[in-house]
Each structure stands twice: as C-alpha cells, then as structure tokens.
Amino acid sequence: MGCFPSTLLEQIQKGSSASLDKADKSVAKTKFLEVNSVSTAGAATTTTIHINSVPRGSKRGKLLGMPFNPFRRDIGRGVLHHRKSSLALTPEEEPFDINRGPNELKYGLIIPNIKHQLKLLLVFAQLDPVSETFTKAAEKLGFEVTLCHTDISALEEYQTKSHDLVIVDNRITKAFDNDLLCRSIRNTRGSQHTVMIAVVKKSAFERDDITITSLLESGFNRCLIETTNLLTCVNEMILLKHSDIRIMAQHATCQALYTALDKCKDLVIVTDDTYKFQYMNTACERQLGLRQEDTLGKTLQEQLVYDTVQINTMGSSLLRAREWSGPMTLKRKSTQDPIVTSCKAVPFSCAGRMPTHFILVFDTNSIDPNMLSQSRGSIHSIRRGSTDVRSVGSDYLRRTSLAKLNALPLEAPITKVIGLIDQIRESLGSNPQAIQLIDRVEDILKSSELYVSHVKEDSKVKADEPVVSDLITALLSKTPQPTLSASSRRSSNDSSVFRPSRTGLIKAPAAIRDLLETSLTWEFDIFKLEDLSRRRPLQHLGMNLFNHFDVCGSLNCDEKTLSNWLTVIEANYHIENSYHNSSHAADVMQATAGFLEKERMKSIMEPLDEATSLIAAAAHDLDHPGKSSAFLSNSNNPLAILYNDVTVLESHHSALMFKLTLGDERVNIFKNLDRDTYKLARHNVIDMILATEMTKHFEHLAKFVNVFCPRSSIGSDMDQPDDYNALLSPENTTLVKRMMIKCADVSNPTRPLRICVEWARRIAEEYFQQTDDEKMRGLPVVMPMFDRATCSIPKSQIGFVDYIINDMFEAWNAFIDMPELLTYMRQNYIRWKEFDEQGHTTLSDIQKLQATVLSPSVSSAIKSD
Ligand SMILES: Nc1ncnc2c1ncn2[C@@H]1O[C@@H]2COP(=O)(O)O[C@H]2[C@H]1O
C-alpha cells in the first residue's frame with residue numbers, strides 16, 4: 001500500500017464530501033506524488049499505480065491514474081488559448097487538462113460528459129464491512145448509489161437506470177450467478193458504456209486461479225480486491241472515474257458523432273494512412289452501393305476511386321499533414337459508373353506529427369443529380385413523356401454513349417461539358433426546338449475534330465472565288481485525295497553534309513553589316529539581304545539575331561557551333577523553291593525576333609524560350625520540297641508513308657533538324673545543355689514547328705483567343721484582359737509561342753507592300769509549279785485554280801487575308817501591341833483590291849507592277865530568281 005499525501009488523507013479522514021471533491025482535484029493536481037502501489041486494483045489492467053515524481057510545473061503527472069498522452073489531439077483554433085507552452089508547436093502536443101470542461105472548448109475536442117452525477121449500482125448479496133466501505137466511498141465522491149442484494153433486482157435496476165458503474169460482489173460465489181448477471185447486463189442495449197467491476201477475495205489473485213479470467217470473459221472490466229479501507233476504496237473509485245468511466249463516456253460521445261455522420265448528406269470516409277477504410281457513413285454506403293463490412297481493411301483505390309493519380313495528388317498534401325480539396329472520381333460498386341464529386345480531405349493524427357488517419361468528405365451538391373442514386377436515369381424520359389421509339393432509342397443511345405464516356409478512367413473537360421448539357425436538356429422541359437438544338441450541340445461537341453475548319457457551305461466565297469476556296473481548302477484540309485500514282489523524291493541528304501569553313505567565322509561584307517543594323521525593324525528588306533548574301537540570308541541574319549538574343553549564352557554554346565548550325569540548316573533548304581527556301585526561313589526568323597523584342601514578349605519569355613523560338617523559326621520549313629503535304633500523300637512520297645499522312649511536312653522539318661543537329665558535334669548547338677534543359681528545349685522547338693501546320697490553324701487561334709482575348713469574338717475589336725501576367729501558366733505560354741511562330745510564318749501580307757507582293761508572287765509561283773507537276777504526273781490537282789494561265793493572284797491574296805490573316809493578326813496585335821502589322825495588312829489589302837479591279841491578275845501582270853510601281857530592290861530580287 002502506498003502513501004497518500006497528508007493533505008488528502010486529512011481531508012478524507014475529515015469525511016466531508018465537499019472536501020472530498022476538493023481532494024479529488026487535489027489528487028489530480030498533486031505534484032511530487034509517489035504512490036507506489038494501490039494493491040486493490042485487479043490483475044486485468046493495472047494492479048499498481050505509479051504516479052511518477054515530476055517537477056512542479058511539468059505537464060506530466062497531472063493526471064492521476066490516466067495514461068499520460070502527450071499527443072492528445074485537441075483539434076482546432078478554438079483550443080489555442082488553452083495551450084500552456086509556446087514550445088508546444090501543435091495542439092496535439094498539449095497534455096490533456098483535466099479541469100477543462102466542455103464549455104471552455106470552442107470546438108474540435110470530443111470530450112465526455114463526466115461532470116454529471118455518476119450512477120453506481122452496487123450488487124452485494126449481504127451487507128458487510130466491504131459493502132459498507134464501497135457505499136461510503138461512493139457517497140463521499142457524490143455518486144448516486146443503488147444497492148441491490150439479488151441478481152434479478154440488480155438487472156431490473158440496471159435496465160431502468162443504465163448505471164455508469166456496476167460493482168458486483170464476487171466473494172460469495174453461491175449467492176447468485178455473477179457470470180449470468182454480467183452477461184445479462186452486457187446484453188442490455190448501451191451497456192458498452194458501463195464499467196463493470198467484480199470484487200474478489202485477495203486469495204483469488206494469490207492462487208492464480210481461473211476466477212479472474214472467467215470474470216473478465218463474462219464482461220467485467222476489472223477485478224478489485226476486497227477492502228475495508230475507505231481511503232483505498234475512494235482512490236479506486238477516483239481512478240475508475242478518470243480512466244475507465246471517462247473512456248466509456250468518450251465512446252458514448254463518439255457514438256453521438258457517428259450518428260451525426262450517419263445522418264449527414266455528404267459522403268464521409270475515414271481511412272488509415274495507407275488509404276485502408278476504417279469507416280464510411282450511411283450516405284456513402286447508399287450512394288456508392290458499398291457496405292462498410294465489405295470495405296473495411298480494403299483500400300480506396302480497390303473499392304472506390306477511379307484514378308490513382310487523383311489519390312497520389314491528394315496524398316502528396318495529406319502526407320505533409322495538409323488539407324487537400326479537389327475533384328475526385330468515385331465509382332459506384334454495382335455499375336462501375338463514375339461519379340464526379342468535389343472532395344475535401346483532412347489529415348488526422350492520433351499520435352505524433354505524422355497523420356494516422358485521413359478523413360474524406362465528398363460534397364453531394366457537387367455530384368451530378370442524375371448520378372445520385374435516388375434520381376438516376378428516369379427524370380428525362382418521364383418529363384418528356386414520349387413513347388416514340390426513335391426518341392426512346394436516341395435517348396438510350398445518348399445515355400449509353402455518355403455512360404461510355406463517363407466510364408473512362410480519366411475525366412476530360414468534354415465529359416463534364418456533355419454532363420452539363422444533359423442537365424440543361426433536363427431543364428428544358430418539353431421545348432422540342434430547344435432540345436433539337438441542344439442535341440445538335442452535343443453531337444458537334446462529341447466530334448474529335450472540334451477545331452478543324454471547313455469552308456462554310458453557305459459561304460459566297462466558295463461560289464464567287466474558286467481560287468480562294470481552293471487555297472483555303474488546301475491549307476486547312478487534312479485529308480489528301482487518294483491516288484494510285486507513285487512518285488520519286490529527290491534525296492535531301494546530299495546537302496546535309498557539313499563541310500567546315502577553313503577560315504572560321506566569316507566577317508560579313510560591310511553592306512550586309514549595314515543592312516543588318518535594321519534587322520529588328522518590321523520594314524527589314526529580306527530580299528536585299530538575299531541579294532547581298534548570294535542567297536544565304538539565313539547564315540547572316542541568323543547569326544546577327546542569335547548574337548542579339550545571346551543564344552550562345554542561353555545554350556552555353558560557342559559562336560562557331562551556332563554558325564556551323566546555321567550553315568547546315570541553310571544548306572538543307574531548297575534553293576530552287578521559289579517560296580519555301582532559306583529566305584523564307586530567314587524572314588520567319590526575323591519576324592520572330594521582331595515579336596520577341598516587344599515588351600509583352602520580353603516579360604514572358606525566358607532566355608531559353610527566346611533561343612528555342614529563333615531556332616524553331618530558322619528550321620521550321622527545313623527540306624521543304626516546294627510541294628504541300630497533300631501532294632506528298634497523293635504521290636505516296638516516303639515521308640507521307642513514314643508519317644501516315646499526318647502532319648507530314650512539319651514532322652519532317654522538326655525530325656530532320658534534330659537529326660542534323662545531333663548527328664555532328666560541330667553543329668550540335670544543344671551539346672552543352674543538361675538533360676532536363678535539353679528536353680525542354682527540344683520540346684519547345686518541336687511544339688513550335690508542329691504549330692505551323694495550317695490544318696490546325698483555327699485550333700491554335702481559338703485556343704489563343706479563348707485565353708488572351710476572352711471577351712472578344714473574332715473579327716470584332718479585341719478586349720484585353722486586365723492582367724496578362726495572371727494568365728501566364730506554362731500551358732498558356734505555349735499558346736503564345738505557337739501563335740508567335742504562326743504569325744511569323746504567314747506575316748508576309750503584313751509587311752510593306754513591295755515585300756508583301758514579292759512573297760505573294762513567290763508562293764503563287766510555287767503553287768503553280770505544284771499544279772504543273774500534278775497535271776504532268778497524273779496526280780489529283782490539289783488547287784486547280786492555281787493554274788499559271790488563269791489564276792488571279794490579287795483575289796487569292798484577298799481571300800488569304802480574309803480567311804486566314806485578318807483575325808489572327810487582330811488577336812496577335814491585341815496581345816503584342818504592334819499596330820504596324822494591321823496598318824500594312826489593311827493598306828496591302830486595299831492595293832490588292834485595286835490591282836484586281838485594274839486587271840493586274842496574272843503572274844506576269846504582277847511582275848510588271850513590281851518592275852514599275854514597286855521598289856527597285858524587289859525588282860532585282862526577281863531578276864536573280
Ligand atoms: N501570301 C500568301 N498567299 C497564299 N498562301 C500563303 C501566303 N503566305 C503563306 N501562304 C501559305 O500559308 C502556309 C503556311 O505554312 P507553309 O509555310 O507550310 O505554307 C504556306 C503557304 O501555303
């Protein structure tokens with residue numbers, strides 16, 4: 001038997017219940033308390049109570065008889081003012097304060113209500129000193145005591161009052177059947193919240209007989225050794241109050257919370273930290289067709305969540321003890337139907353800093369009402385009230401196709417859009433016209449070719465201007481016309497071999513240097529450079545621009561390698577092409593550089609972006625055969641075979657550029673980049689080159705306009721977003737880069753007139769050449785109107801501006817602020833109309849104009865052609 005502190009002993013011996021109440025607290029607060037043994041406690045849990053000696057003021061040892069729990073979780077801001085130490089970093093590290101009542105808590109702590117008068121049922125067959133001691137001790141502690149002498153009366157009492165504590169005398173085994181009484185009480189509803197104690201003789205412990213074990217198996221929580229010592233008995237009851245009874249009360253409170261969870265509409269799941277189910281509420285069982293019993297111990301991934309990527313995303317926050325919220329796609333057990341919902345996930349820690357549990361709450365308001373179990377599948381057909389076989393059939397088809405779409409493990413934006421459209425359809429009621437329109441919208445949206453543009457059937461241009469129709473259809477159409485003819489293709493590799501210059505970097509002649517002073521102006525005369533450089537403009541202009549943008553620095557590469565690279569790239573353009581030659585590459589590079597100089601671009605682009613944009617521009621038409629992709633497909637060209645008729649030319653330009661660059665260390669401008677930077681550079685270059693494919697023109701334009709000119713409709717004055725920087729995610733920056741190279745690629749109608757006219761002449765010449773070849777080889781003629789004998793070049797230019805250039809440059813100007821682009825474009829447009837009206841339509845008409853009214857520098861370029 002240990003010793004109690006004298007103050008407490010004195011108070012107990014005085015026998016006042018008021019002072020005992022104080023004594024209770026006093027015990028709880030005792031510091032330096034060394035109670036080595038209260039030997040009456042049973043063997044089932046602790047027979048000895050050690051209350052360690054701890055220094056004054058320490059948090060440890062405040063709880064008499066309670067297991068010390070340094071990680072007790074008092075969640076929530078409301079408890080912060082209870083925190084005792086600034087060293088305790090989280091509420092979890094605070095010890096539990098026994099004096100803190102529920103009223104002091106704002107929220108978060110599950111605290112049992114043990115302040116009310118505890119009800120004690122004493123079952124003693126006869127009155128003796130032991131039963132008297134227990135009765136006295138209970139009264140002193142303020143318990144409400146009921147004393148019974150028979151098992152029947154005890155059970156009746158218990159079933160009426162549901163006592164918190166039942167103490168049964170087990171010393172006289174023949175008096176009544178303790179085992180039966182205990183089992184009967186345990187069979188009573190709610191008895192799990194009752195603590196049951198058996199009082200046994202001291203010899204029961206000493207003999208190590210089976211009495212103790214069988215009592216515990218009957219449902220007793222503990223066995224206590226008989227005692228007539230009031231102090232010992234009081235102490236035992238205090239211990240019971242603050243340990244077992246508190247835990248029972250906590251369970252009862254938890255039960256209330258479980259009930260609350262089961263009544264709530266949202267789906268609630270608790271898992272352990274490996275996502276194994278621990279609990280799910282009724283709403284969850286109902287909506288997802290799962291049963292708690294089936295899920296316990298299984299993982300979220302196995303049972304519930306479609307996409308492990310979503311779990312990983314959530315887990316990266318939870319494992320860092322951070323809350324997470326985001327969309328989550330769940331699956332219904334029976335149908336495997338996906339249910340998209342918004343999820344809030346909270347990490348919970350029972351011990352330590354690391355989460356031990358995850359709490360997931362799924363907001364039912366975020367679930368498509370059609371997917372909620374009570375409303376599934378019926379509203380639409382009931383509302384329409386139609387028994388028409390076709391409508392039922394199409395409804396069924398729509399639903400099954402939607403179900404298929406929904407059944408995809410990944411959610412695409414289109415899945416959401418179609419889900420929303422279905423909701424709109426539901427809300428339309430019986431408005432057949434509106435339903436027809438919405439059906440049409442859904443059908444269009446289900447097409448995978450949303451951005452592929454066709455010349456409108458009702459468009460006047462098609463009828464009035466066949467040349468425009470030809471041009472636009474050829475540029476935007478993906479499907480080449482089939483043909484059986486074969487073709488031969490000139491090998492481009494002849495010119496790909498790099499022959500290093502012995503003299504190193506060649507200094508450009510003064511005239512070229514002077515001209516390159518203007519290399520960043522929009523009026524730069526590319527044809528003069530073509531002339532001065534003996535048709536090697538890319539080498540000179542390229543080096544000038546690379547230096548201006550410090551591409552050497554960005555790629556960590558020497559000037560010689562850059563120069564070599566330009567040499568090889570330029571050599572792989574076909575000098576015989578009238579349009580797609582290295583002058584066009586240099587022109588696109590020059591336009592790109594002009595765009596990069598603008599403030600908006602400077603604020604967006606990293607040095608590596610600038611370098612890769614210039615590289616992409618220089619190489620974007622590498623080894624262009626002077627024929628379109630459709631021509632290559634129609635003629636079974638090896639490139640078309642290699643690339644399956646898809647993005648044939650652009651794929652080739654990009655692939656060849658990397659082949660040439662990586663194939664020779666002397667030209668490998670990427671050789672000093674680390675793996676990740678190279679990967680990024682390569683991605684940038686490929687993405688930009690592929691963006692120049694005209695069949696994707698409207699896709700790129702629409703995506704750009706959607707983000708950067710959101711309130712505008714194409715063709716109207718562009719509204720600018722208030723804050724461009726907020727829009728600049730990596731994805732949106734990619735849209736800008738694509739738009740930049742696209743605009744540079746077809747910027748020729750926005751250049752000063754004489755330059756614009758020369759490019760128009762060159763592209764017309766190349767088109768004519770293709771038509772000639774197609775006719776000669778018996779291939780389908782891709783653009784029959786581009787016949788040198790009959791074609792109206794001004795009309796083709798007017799159509800090109802109307803359909804391709806105008807909207808794109810309006811959007812681009814709204815973004816980059818280069819009004820000169822629109823000024824030149826509009827002036828040129830008027831001049832083309834004039835030329836058309838004046839009858840200057842054919843190639844030779846245009847050449848005559850160039851020789852007379854247009855600049856002499858252009859005329860000299862024509863002569864050397
Ligand atoms: N002035 C123009 N008139 C007609 N078509 C053009 C003009 N400029 C460029 N193009 C076309 O636009 C296409 C853009 O991609 P490509 O350089 O592959 O091929 C280009 C030509 O086919």
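Reading the values: the criteria
Residues numbered from 1 in each chain as written. Predicted model: local features only at pLDDT ≥ 70, side-chain atom pairs only at ≥ 80, totals over all residues. Heavy atoms only, no water. Phe/Tyr/Trp six-rings, centres within 6.5 Å; stacked < 30°, edge-to-face > 60°. Helix = DSSP H or I, 4+ residues; strand = E, 2+ residues; numbered from the N terminus. Buried < 20%, exposed > 50% of the residue type's maximum accessible area, 1.4 Å probe, protein only. UniProt positions renumbered as here; feature names shortened; annotations may be inferred. Contact = heavy atoms within 4.5 Å. Pairing = 2+ DSSP bridges. Axes fitted to C-alpha atoms, helices over the stretch in contact; angles between N-to-C directions. Near = heavy atom within 4 Å. Polar contact = N/O pair within 3.5 Å; in protein donor to acceptor, adjacent residues only side chain to side chain. Areas by Shrake-Rupley, 256 points an atom, 1.4 Å probe, with all protein chains shown as cover. Nonpolar A, V, L, I, M, F, W, Y, C, P; charged D, E, K, R; others polar. Expected span 1.5 Å × (residues − 1).

Caption draft 1: Looking closely at the packing of aromatic side chains. Across all of its chains, the model carries 19 aromatic pairs by this definition. Each ring, one from Phe527 and one from Trp759, has its centre 4.8 Å from the other, and the planes form 50°; the classification is tilted. In this pair, Phe527 sits in helix 20 (residues 526-532) while Trp759 sits in helix 33 (residues 753-777), placing the two residues 232 residues apart along the sequence. You'll find Phe527 and Trp759 in the same group, each marked buried. Summarising the aromatic geometry, the rings of Phe546 and Trp565 are spaced 6.0 Å apart at their centres and angled 45° between planes, so their arrangement reads as tilted. Here the residue Phe546 occupies a position in helix 21 (residues 537-548), and Trp565 occupies one in helix 23 (residues 559-571), the gap between them amounting to 19 residues. For Phe546, a relative accessible area of 1% translates into the label buried.

Caption draft 2: Spatial organisation of the UniProt feature "active site" (unreviewed entry) in the protein chain. Taken from the UniProt record, the annotation "active site" (unreviewed entry) applies to His580. For His580, a relative accessible area of 13% corresponds to the buried category. Among residues more than four places away in sequence, those in contact with His580 are Tyr573, His574, Asp621, His624, Ile763 and Glu766.

Caption draft 3: Highlighting the sheet that holds strand 3 (residues 165-169). If you walk across this open sheet you meet the 5 strands as 2-1-3-4-5, and the pairing is parallel. With partners counted over all chains shown, the strands left at the sheet margins are strand 2 (144-148) and strand 5 (222-225), one partner each. In this sheet, adjacent strand axes meet at a mean angle of 20° when their direction is disregarded. The pairing of strand 1 (residues 119-123) with strand 2 spans 5 bridges and is parallel. Looking at strand 2, one finds that Leu121 is bridged to Thr146. Contacts from helix 7 (residues 211-218) reach strand 4 (195-200) and strand 5 within the one sheet, and its direction differs from that of strand 5 by about 135°.

Caption draft 4: Broad picture of the site of the ligand. Neighbouring the ligand are 14 residues; His580, Asn748, Tyr767, Gln797 and Phe800 lie closest to it. Between the ligand and His580 there is a distance of 2.8 Å, counted from an oxygen atom to a side-chain nitrogen or oxygen. Within the side chain of Asp621, an N or O atom sits 3.3 Å from an oxygen atom of the ligand. Considering the ligand on its own, with 450 Å² of exposed area, one finds that the protein chains cover 94% of that surface. Breaking the shell around the ligand down by element, the ones donating at least two residues are helix 18 (466-476), helix 33 and helix 34 (793-816). Classifying every residue of the shell around the ligand by side-chain character gives 8 nonpolar, 4 polar and 2 charged.

Caption draft 5: Broad picture of the UniProt feature "binding site: Zn(2+) 1" (unreviewed entry) in the protein chain. Under the UniProt annotation, "binding site: Zn(2+) 1" (unreviewed entry) lies at His584, His620, Asp621 and Asp745. These annotated residues cover 162 residues of sequence, and their C-alpha atoms lie no more than 9.7 Å from one another, placing them together at a single site. One can find Asp621 in the loop between helix 26 (607-619) and helix 27 (629-634). In this structure, Asp745 sits in helix 32 (residues 730-745). Take Asp745: its relative accessible area is 12%, and that puts it in the buried class. The contacts of Asp745, once residues within four sequence positions are left out, are Tyr579, His584, Val588, His620, Asp621 and Thr692.

Caption draft 6: Region of interest: unusual backbone geometry. The phi dihedral of Tyr275 falls on the positive side, at around 70°, and the residue is not glycine. Within the element layout of this structure, Tyr275 appears in the loop between strand 6 (267-272) and strand 7 (277-280). A positive phi angle, close to 55°, is found at Arg534, a residue other than glycine.

Caption draft 7: Expanded view of helix 29 (residues 648-662). Along its 15 residues, helix 29 runs 21 Å from first to last C-alpha, staying within 8% of the 21 Å computed at 1.5 Å per residue. With 12 of its 15 residues buried, helix 29 lies for the most part within the structure. Within helix 29 the residues assigned to the buried category are Val648, Leu649, Glu650, Ser651, His652, His653, Ser654, Leu656, Met657, Phe658, Leu660 and Thr661. Among the structural elements, helix 23, helix 26, helix 27, helix 28 (638-642) and helix 30 (675-691) are those in contact with the buried residues of helix 29.

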